[in-house]
2 protein chains.
Amino acid sequence: MAEHTVKSFTEQLEALASSVAQMGGLAEAQLADSIDSIAKRDTARAEQVVGSDRKIDELQQVIEEHALKVLALRQPMAVDLRETLAAIKIAGELERIGDLAKNIAKRAIVLNREPPIRLAQSLARMGGQALAQLKLVLDAYSDRDADTAEQVWKQDGEIDEMYNSLFRELLTYMMEDPRTIGLCTHFLFIAKNIERTGDHCTNIAEVVYHMVTGGHLAIDRPKSDLTATTAIRIEKKD
Amino acid sequence: MAEHTVKSFTEQLEALASSVAQMGGLAEAQLADSIDSIAKRDTARAEQVVGSDRKIDELQQVIEEHALKVLALRQPMAVDLRETLAAIKIAGELERIGDLAKNIAKRAIVLNREPPIRLAQSLARMGGQALAQLKLVLDAYSDRDADTAEQVWKQDGEIDEMYNSLFRELLTYMMEDPRTIGLCTHFLFIAKNIERTGDHCTNIAEVVYHMVTGGHLAIDRPKSDLTATTAIRIEKKD
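All figures in this text were calculated on a predicted structure; none of them were measured in a lab.

Engineer: Help me out: how do you make sense of the relation of the copies chain A and chain B in this one?
Structural biologist: Copy one and copy two of the chain differ by a rotation about a common axis and a shift along it. For the match of chain A to chain B, the screw axis carries a shift of 0.0 Å, the RMSD comes to 0.0 Å, and the turn is 180 degrees. Both copies of the chain, as the preceding transformation shows, are related through a two-fold rotation axis. In terms of C-alpha distance to the rotation axis, chain A has Gln75 of chain A as its closest residue, with the C-alpha 2.7 Å off the axis. Both copies contact each other with a shared surface, as 100% of the interface residues of chain A are interface residues in chain B too.

Structure below.
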C-alpha cells in the first residue's frame, strides 16, 4: 500500500472519530438543556431541544454511511476494524440519548405549566449525574482510555440508586395527594429516561473498552434499578 | 477467488443469518412468555423468563464475534457488507427486546401476588400486538422482504395508540383508588416496555429495509406515543 493511501486511511478514521465526538457534544448539550429546562423551568429551552434532535439523527446517518464506506473501501483489520464499528455503535447509543433528551424536554414543557414541586430538584441532581457520566465516557472515547471507560461502567449504580429513591418519593407523593398523579407520572418517566441515559453511557463504556483492549467488560451489565421488583405492599401508605 | 472459498463465504453469511434467526426465536419466546405470565398469572413462567435472558445475551456476543470475523477475514462488499452489519444491529435490538421481556417478567412476579385487575387483559392485548410485529419483522429478515419490513414500520402506530389509551385508563384507575398506585405503576412500566418493544421492531424493520434495498425508510421514525405531551389538566378528575 502506498504511503499516501495509508495516511489517508488514518485521516479517514480520524474524521470518523471526530464526527462521533461532534455527535457526542450535541447529545451532551441536548441532555444538559433538557435537564436545565426542568431545573430552571425554562420552556423556551425545552422547545429548542425538541427542535434540535433532528441534527443528531442526521449526524448518525452521516457517521454510519462514512463508516460503511471505510469498511467497504479500506477493509480495516484488528483495532482499525474495532474503531470503525465502535463509531457505528456509539452513534447508535448517542442517537438514543438524543431521543431521551427530546422526550424529557417534551415532558418539561408540560411540567412548566404547573406549579413547581420540590421533587424537580432531585430530578435535576439525578440528571446532573447522568450528564457527568456522559461527559466522562465521551472523554474515554476521545482519549482511548479503557480505565475511564471501566470507571463509568462501575459508577452506573449511583444513578440507579438515585432513581430508586426518587421512585419511592414519587409514589408517596402521589398517594398523599392523588391530584398530583398526572404530574408525578411525567416525573416518573423523566426519571426513568435519565436512568436509561445512564444505561446508554454504560453501553458506550463497553464499546470503548472493547475498542481499546479487544476484551469485554462483562456480559451482565451492572444493574441496580430495583423498582421492577419493588413489592407493592411496601409502597402502600398503611 | 477459488470456487470453494466463495461457497464457504456464502455459508458463513448463511450461518450468521441463521444465528440471528435463532436469537430472534428466543426473543420471541421470551416476549410471549412474559406476556403470558401476566395474562395467565403464571409466576413460574415469569421466573423462567428472568432466568433465560442470559442465553440471549450470550448469543448476541457470539453473533457479534462471528460478524467481526467475517468482516476481518472476508472483507465483504455491497449487499454482503450490509448483511454482515445487519446481523450485528439486529442482534443488538433483539438483546434489548430480551431485556424488556425480562423486566416485564420481573414485574409480573410482583403483580401476580396481588388481586387481579381487568387492565391486565388490555396489557396482554397490547403485548400480543407487539409480538405479532416481532414475528412479522423476523419473517421479513429471513425472507429478505423489504415490503414486509415497510409494513411493520408503518404499523407501529397501532401499538402506540393502544399504549396511549391504556396510559389514560391507568391514570383514571389510580385517581379513583390511590391504594392501587403501586400496582398501577408496575402496569405503567410494563405498558411502556411493550411500547418500546414495538420501537425495536421498527428499528429492525429499518435495518432489514436497508439490508435488502440499500435505501433508508426515513430519518424520522413513525411516533404516535403522545403521552409525553399529555396535558396534566385533562387527566385530573375534575
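Engineer: Whenever I open this one, the pattern of salt bridges confuses me. Can you help?
Structural biologist: Any two side chains of opposite charge can pair, so long as their charged atoms come close to each other. The full count for this structure, using the stated rule, is 28 salt bridges over all chains. For Lys89 of chain A, the salt bridge identified is with Glu64 of chain B, shortest N-O distance 2.6 Å. On the criterion of chain membership, the pair formed by Lys89 of chain A in helix α3 (residues 78-111) and Glu64 of chain B in helix α2 (residues 43-74) is interchain, its members lying in two chains. Residues Glu150 of chain A and Lys154 of chain A are paired through a salt bridge, measuring 3.4 Å at the closest nitrogen-oxygen approach. In this pair, Glu150 of chain A and Lys154 of chain A both sit in helix α5 (residues 146-176), four residues apart, roughly one turn of the helix. Residue classification places Lys154 of chain A among the exposed residues on the basis of a relative accessible area of 58%.

Engineer: Which parts of the structure should I look at to understand the nonpolar core?
Structural biologist: Soluble globular proteins tend to pack their nonpolar side chains together in the buried interior. Within the largest apolar cluster, 150 residues are counted, with the highest numbers of intra-cluster contacts made by Ile90 and Leu94 of chain A together with Ile90 and Leu94 of chain B. What Ile90 of chain B contacts, discounting residues up to four positions off in sequence, is Val20, Tyr141, Ile204, Val207 and Val208 of chain B.

Engineer: Honestly, the packing of helix α4 (residues 119-143) of chain B against helix α5 (residues 146-176) of chain B in this entry has me stumped. Any pointers?
Structural biologist: All names here are of chain B. Packing of α4 against α5 leaves a shortest axis separation of 10 Å and a crossing angle of 165 degrees. Judged by the inter-axis angle, α4 sits roughly antiparallel to α5. Crossing geometry of α4 relative to α5 is assigned as left-handed.

Engineer: What exactly am I supposed to notice about the interface of chain A and chain B here?
Structural biologist: Note: interface size is frequently given as the accessible area lost on complex formation between the parts. Contacts between the two partners involve 58 residues from chain A, matched on the other side by 58 residues from chain B. Taken over both partners, the interface formed by chain A and chain B buries close to 5200 Å², and the fraction arising from carbon and sulfur atoms is 59%. For the pair chain A and chain B, the interface holds four salt bridges. Between Arg96 of chain A and Glu93 of chain B there is a salt bridge, and its shortest N-O distance comes to 2.7 Å.

Each value, and the rule that gives it
- The residue count restarts for each chain, going from 1 along the sequence in the order it is written.
- Whichever chain is written first becomes A and whichever ligand is written first becomes 1, with later ones labelled in order.
- The model is predicted, so local features are restricted to residues of pLDDT at least 70 and side-chain atom pairs to those at 80 or more, both for listing and for counting; the totals for chains, interfaces and linings are taken over all residues.
- Calculated side-chain values reflect all of the structure's heavy atoms, with hydrogen atoms and water omitted.
- To superpose the copies, least squares is applied to the C-alpha atoms of every residue with a pLDDT of at least 70 in both.
- Contacts were defined at the residue level, with two residues in contact if any of their heavy atoms lie within 4.5 Å.
- By definition here, a salt bridge exists when the distance from a side-chain nitrogen of Lys or Arg to a carboxyl oxygen of Asp or Glu is within 4 Å.
- The way it works is that DSSP assigns letters per residue, a run of H or I at least four long becomes a helix, a run of E at least two long becomes a strand, and they are numbered from the N terminus.
- Three labels apply to residues, based on accessible area from a 1.4 Å probe with only protein chains included: buried if under 20% of the type maximum, exposed if over 50%, partly exposed otherwise in between.
- Residues belong to a common nonpolar core when they are buried Ala, Val, Leu, Ile, Met, Phe, Trp, Tyr or Cys residues joined through side-chain atoms within 4.5 Å.
- Inter-axis angles, ranging from 0 to 180 degrees, are taken between N-to-C directions of lines fitted to C-alpha atoms, where helices are fitted over the stretch in contact.
- Should an angle fall under 35 degrees it is called roughly parallel, over 145 degrees roughly antiparallel, and 65 to 115 degrees roughly perpendicular, with every other angle called oblique.
- A crossing counts as left-handed when the near helix is turned anticlockwise from the far one by less than a right angle, and as right-handed when that turn is clockwise.
- The buried area of a pairing is the accessible area, by a 1.4 Å probe, that goes missing from both parts when the two are put together, added over both.

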